[in-house]
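Inside the fold
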Amino acid sequence: MWGGRFAAQPADAMQAINASIDVDKRLWREDIEGSKAHADMLAARGIITPEDNQAIQAGLDQIAAEIASGVFPFSAALEDIHLNIEARLTERIGEPGKRLHTARSRNDQVATDFKLWVMRASRETGDGLRILQKSLLRQAEAHVDWVMPGFTHLQTAQPITLGHHLLAYVAMMERDRVRLIGAALEAAWECPLGSAALAGTSYPIDRDSTANALGFHAPSANSLDAVGSRDFALAALANLSIAATHLSRLAEELVLWTSPQFGFATLSDGWSTGSSIMPQKRNPDAAELIRAKAARIGADFAALNSIVQKLPLAYAKDLQEDKALTFNAFDAFSLSLTAMTGMIETIRFNRAPMRDAAARGYSTATDLADWLVRELKTPFREAHEITGRIVRRAEQLGVAELAQMPLGELQAVDGRISEAARTLLAVEKSVESRDSYGGTAPQRVREQIERWREMFK
Ligand code: ARG
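In this report, the structure presented in the accompanying data block is examined. In this convention, every chain numbers its residues from 1, walking through the sequence in written order. Restriction of local features to residues with pLDDT of at least 70 applies here, the model being predicted, together with a cutoff of 80 or more for giving and counting side-chain atom pairs; totals for whole chains, interfaces and linings are based on all residues. Calculated side-chain values reflect all of the structure's heavy atoms, with hydrogen atoms and water omitted.

Another aspect to go through is the overall build of the protein. Each helix corresponds to a stretch of at least 4 residues labelled H or I by DSSP, and each strand to a stretch of at least 2 residues labelled E; elements are numbered beginning at the N terminus. Counting secondary structure elements, the protein contains 20 helices and six strands. As defined in this context, the radius of gyration uses C-alpha atoms, and a globule is described by 2.2 Å times the residue total to the power 0.38. Scaling as 2.2 N^0.38, a compact globule of 457 residues should have a C-alpha radius of gyration of about 23 Å, whereas the protein reaches 31 Å, well beyond that. Along the first, second and third principal axes, the C-alpha atoms of the protein reach 100 × 50 × 40 Å. Three labels apply to residues, based on accessible area from a 1.4 Å probe with only protein chains included: buried if under 20% of the type maximum, exposed if over 50%, partly exposed otherwise in between. Scored against the burial criterion, the 457 residues of the protein give a buried share of 50%. For this count, His and the chain ends are skipped, Lys and Arg are scored as positive, and Asp and Glu as negative. For this purpose, a charge sits on NZ of Lys, CZ of Arg, CG of Asp or CD of Glu. Across the protein, the mean location of the 51 positive side-chain charges is 4 Å away from that of the 58 negative side-chain charges.

Written out as structure tokens, the structure reads:
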């Protein structure tokens, strides 16, 4: 396609390092869509004849059918998806095929194709997140008042409800979804097509019509920027990487919760794996792999960022590597999302171990201190000190839960503590009392659930 000025063939390894067809064949739909819009515009502007355009349109449709049915003869000698399709077009329709590349370059072509791909992938990923959010919401509803330990520093802090914990992820994923929609909008803003190699073109093209036909807001305002920039992909990868981080944190919790030491939850058989040597094992491999994939998705962002940051304007071939990184990140995320949704749909939570763990570790100490403040007007710092002494006493006596401390022992530390205070130290009472807006009280969690239900309609 570009051999005119060369006397000899490229070296084999030159072809190997240069070819991207194995990766960018995934852009075939976008490439055909872009070419069809371009040819229509060339015809409307009288740059090619209507007959040529008709032949091009029909030829491109046939090529789409060939690719979809798996009979298209992809060739590494033709480097990439753009040249593969164009060469095949000419093979099929002859001379009109050779006119398609008028007033365009592969540089604006690939930037346009890739933007279309990132736009769609970002939107579809956002839709996938919504499905997981709905699973989490169902589980939150089914376990709205189940008590579990809430942690800070992974040390038992205060009792919380499982419903509340699961909804934290729904909230995180809502922001992830919005960020991905943002990435899709950013990609859809400006259409690179018509920027040609770097400087624009001398043909009387109509950039508004191609931008419009392809679903962009406007043609790109600067041709150098349009062919040389990949920040739309960087933004998508950065946002995807944040979303993957959230999936990874949930995965990490599944790994902890399903360990026999926690015993909070059991993964279904379909989402567990066995060990080839230890017959008793039930491993959370999918959750572990989600953690690892999040690391790789972050690395994909870092790699593309490093590629772009040292390129002088405008296009350089380094940019060809943008697609493998981006495809890998979206594929890994989509698989992680499917796996996480499957695990959440079918996981079984174990009420008693969660509740027991919530009561251990003197998790309601704050409730006792708050009672002293509320009922006896004790200054909080003093209440903290008194409660601390009670916790120490409980430890000495080997009493695991504050609610189980005999009243006499509580009163030995502070004679004003009453039976009423003691009953507040049960974990159920503790969670019920945390009814500030956004708090863990089942009442508040039910309101959150309602809010999400409304939003997901
Ligand atoms: N396959 C190339 C890429 O993905 C297309 C653009 C090639 N442009 C060029 N001037 N060689 O970046």
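What follows continues from the structure just given.
With that out of the way, let us pick up the site of the ligand. It suffices for a single heavy atom of a residue to lie within 4 Å of a molecule or strand for the residue to be listed as near it. Contacts to the ligand come from Ser20, Asp24, Asp80, His82, Arg106, Asn107, Val110, Tyr315, Lys317, Gln320 and Lys323. Whenever two N or O atoms come within 3.5 Å, that pair is a polar contact, provided that in protein one can donate a hydrogen and the other can accept it, and provided that, for residues adjacent in sequence, both atoms are side-chain atoms. In the environment of the ligand, an oxygen atom lies 2.4 Å from a nitrogen or oxygen atom belonging to the side chain of Tyr315. One of the side-chain N or O atoms of Lys323 is found 2.8 Å from an oxygen atom in the ligand. Computed on the free molecule, the ligand has an accessible area of 340 Å², of which 85% lies beneath the protein chains in the complex. The element that contributes the greatest number of residues to the shell around the ligand is helix H7 (residues 106-142), accounting for three residues. The Shrake-Rupley method, run with a 1.4 Å probe sphere, supplies the accessible areas, and residue values consider only the shown protein chains as cover.

So, about the packing of aromatic side chains. Pairing of aromatic side chains here covers Phe, Tyr and the six-membered ring of Trp, requires ring centres within 6.5 Å, and sorts the geometry by plane angle: under 30 degrees stacked, over 60 edge-to-face, intermediate tilted. Enumeration over the complete set of coordinates arrives at ten aromatic pairs. With 5.5 Å between their ring centres and 85° between their planes, Trp117 and Phe330 make a pair best called edge-to-face. Of the two residues, Trp117 is situated in helix H7 and Phe330 in helix H13 (residues 322-346); the sequence distance between them amounts to 213 residues. Judged by its relative accessible area of 5%, Phe330 is buried. Grouped by ring-pair contacts, the aromatic residues Phe114, Trp117, Phe232, Phe327 and Phe330 constitute a single cluster. Whether a charge lies above a ring is judged from NZ of Lys or CZ of Arg, which has to be within 6 Å of the ring centre and within 35 degrees of the ring normal. One cation-aromatic arrangement involves Lys25 over Phe74; the distance from NZ or CZ to the ring centre is 4.7 Å. Lying across the ring of Phe327, Arg26 places its NZ or CZ 4.6 Å from the centre.

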